[in-house]
Amino acid sequence: MKRLLISSLLGLTALISATPPSVAGDSLVIYSGRSDKFVKPVIADFTRQTGIEVTLHNGDSTALLNKLRIEGGRTEADLFLSNDAGNLQQGSDWGLFRPIDGPLLTPIAKNYRAADNTWVGLSARARVLVVNTQGPWADSLDSIFDLADPALRGKLGITNSTNGSYIAGVTVVMLAAGADKTRQWLQGMKDNVDGKVFNKHSKLVSAVASGKLQAGLVNHYYIYRHLDAHPDAPIRMVMPDQGQGEMGIAWNVAGIAITGHSRKAALAEKLVAFLISEAGQRQFAEVNLEYPTRTGVAASGQLPPAGSFRVADVPMSALSTQRDVTLDLIEQVGMP
């Protein structure tokens, strides 16, 4: 482990040294669509090691992307951080980002970055089921389509349909299972929640743990973060749709891009180098309990290893190209 840590630190030092040295007063601005709790620890490490101050302007990823587009050359943003590959690819399609140095991104698999390297995924997540282990549904759910079962009426939790992970997840289902089956699934879930939805995944997981609900659809790390704080909570994660011929889980990444109008591209690239370094990636793994996108960096030992489960065969770029179709479908059903 000591040898691994030393090797990692040497690699990170080489990456940081490859770009111009920072000077007092260097700073960067990020338009960030992620909660601070998922970003601040690794950004604080970057500032400690480089002296470069980073300001996070938080908001909804889609709103920040539109703000970036409207501001054009007047923007103060050097980087755009999104919780969703769909927004990253949309920004790339709009020409808002500049390509990141190709060799720098070599350790990141091509399916986790834009084809032209205008954005790169930092961490990956799975859409999974959270199930109360003391209730009647403890061992009965193994597919997201089970959530449309009328017997779950009043016992299901989902987030509101403007949530980025929710929209991306529906896109994956639509492309993997077809529009008709997805429409029926959404209608069933709509009936089961009866208009009551959550604005945060963490609240949804708490409701399942308390027994008020029996199951929900969430990003995987919210379950593990709840269990870290409440080890005896009666919940477990179910990786849905893992059987032969089934579609697998919906997979998405949070990622970052350098804005086209940034006048600090070299500094911004230094931050990207840190975030995708082995040390940076271990922060996403151990602090956030997400899956690292860098090849060779393992997920937390609490999680099922990457590659041990089936992932839906839908490219990240489709989360952008099919987003409007998904939104139309969600609106047709009238999801709350």
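Source: prediction; values computed, not measured.

### Comments concerning helix H9 (residues 265-275)
Residues spaced three or four apart along an α-helix point in a common direction, a consequence of the helix completing one turn every 3.6 residues.
Inference 1: Burial runs high along H9: 10 of the 11 residues are buried.
Inference 2: Within the span of H9, buried status applies to Ala265, Leu267, Ala268, Glu269, Lys270, Leu271, Val272, Ala273, Phe274 and Leu275.

### Structural notes on the side chain of Asn87
Inference 1: Positionally, Asn87 belongs in helix H4 (residues 85-93).
Inference 2: On the basis of relative accessibility, which here comes to 4%, the residue Asn87 falls in the buried class.
Inference 3: Among residues more than four places away in sequence, those in contact with Asn87 are Ser61, Thr62, Leu65, Phe80, Ser82 and Arg323.

### Description of the side chain of Ser92
Inference 1: For Ser92, the position within the fold is in helix H4.
Inference 2: Excluding residues within four positions of it along the chain, Ser92 makes contact with Phe97, Asp116, Thr118 and Trp119.

### Considerations on the packing of aromatic side chains
Describing an aromatic ring pair means giving the distance of the ring centres and the angle of the ring planes.
Inference 1: Evaluated as defined, the whole model comprises 9 aromatic pairs.
Inference 2: Between Trp251 and Tyr291 the ring centres are 5.3 Å apart and the planes differ by 50 degrees, which places this aromatic pair in the tilted class. Taken as a pair, Trp251 in strand S9 (residues 251-259) and Tyr291 in strand S10 (residues 291-292) lie far apart in primary sequence, 40 residues in all.
Inference 3: Classification of Tyr291 by relative accessible area gives buried; the value is 2%.
Inference 4: Arranged with centres 5.8 Å apart and planes meeting at 55 degrees, the rings of Trp251 and Phe309 form a pair that is tilted. Separated by 58 residues along the polypeptide, Trp251 in strand S9 and Phe309 in the loop between S10 and helix H11 (318-321) bring together distant segments of the chain.

### Points about the environment of Thr259
Inference 1: You can see Thr259 is positioned in strand S9.
Inference 2: The class of Thr259 is buried, set by a relative accessible area of 1%.
Inference 3: Between the C-alpha atom of Thr259 and that of Glu76, which follows or precedes it by 183 residues, the distance is 9.5 Å.
Inference 4: Setting aside residues no more than four positions away along its own chain, Thr259 makes contact with Leu68, Ala77, Asp78, Leu79, Phe80, Leu96, Phe97 and Arg98.

What counts and what doesn't
Residues numbered from 1 in each chain as written. Predicted model: local features only at pLDDT ≥ 70, side-chain atom pairs only at ≥ 80, totals over all residues. Heavy atoms only, no water. Buried < 20%, exposed > 50% of the residue type's maximum accessible area, 1.4 Å probe, protein only. Helix = DSSP H or I, 4+ residues; strand = E, 2+ residues; numbered from the N terminus. Contact = heavy atoms within 4.5 Å. Phe/Tyr/Trp six-rings, centres within 6.5 Å; stacked < 30°, edge-to-face > 60°.

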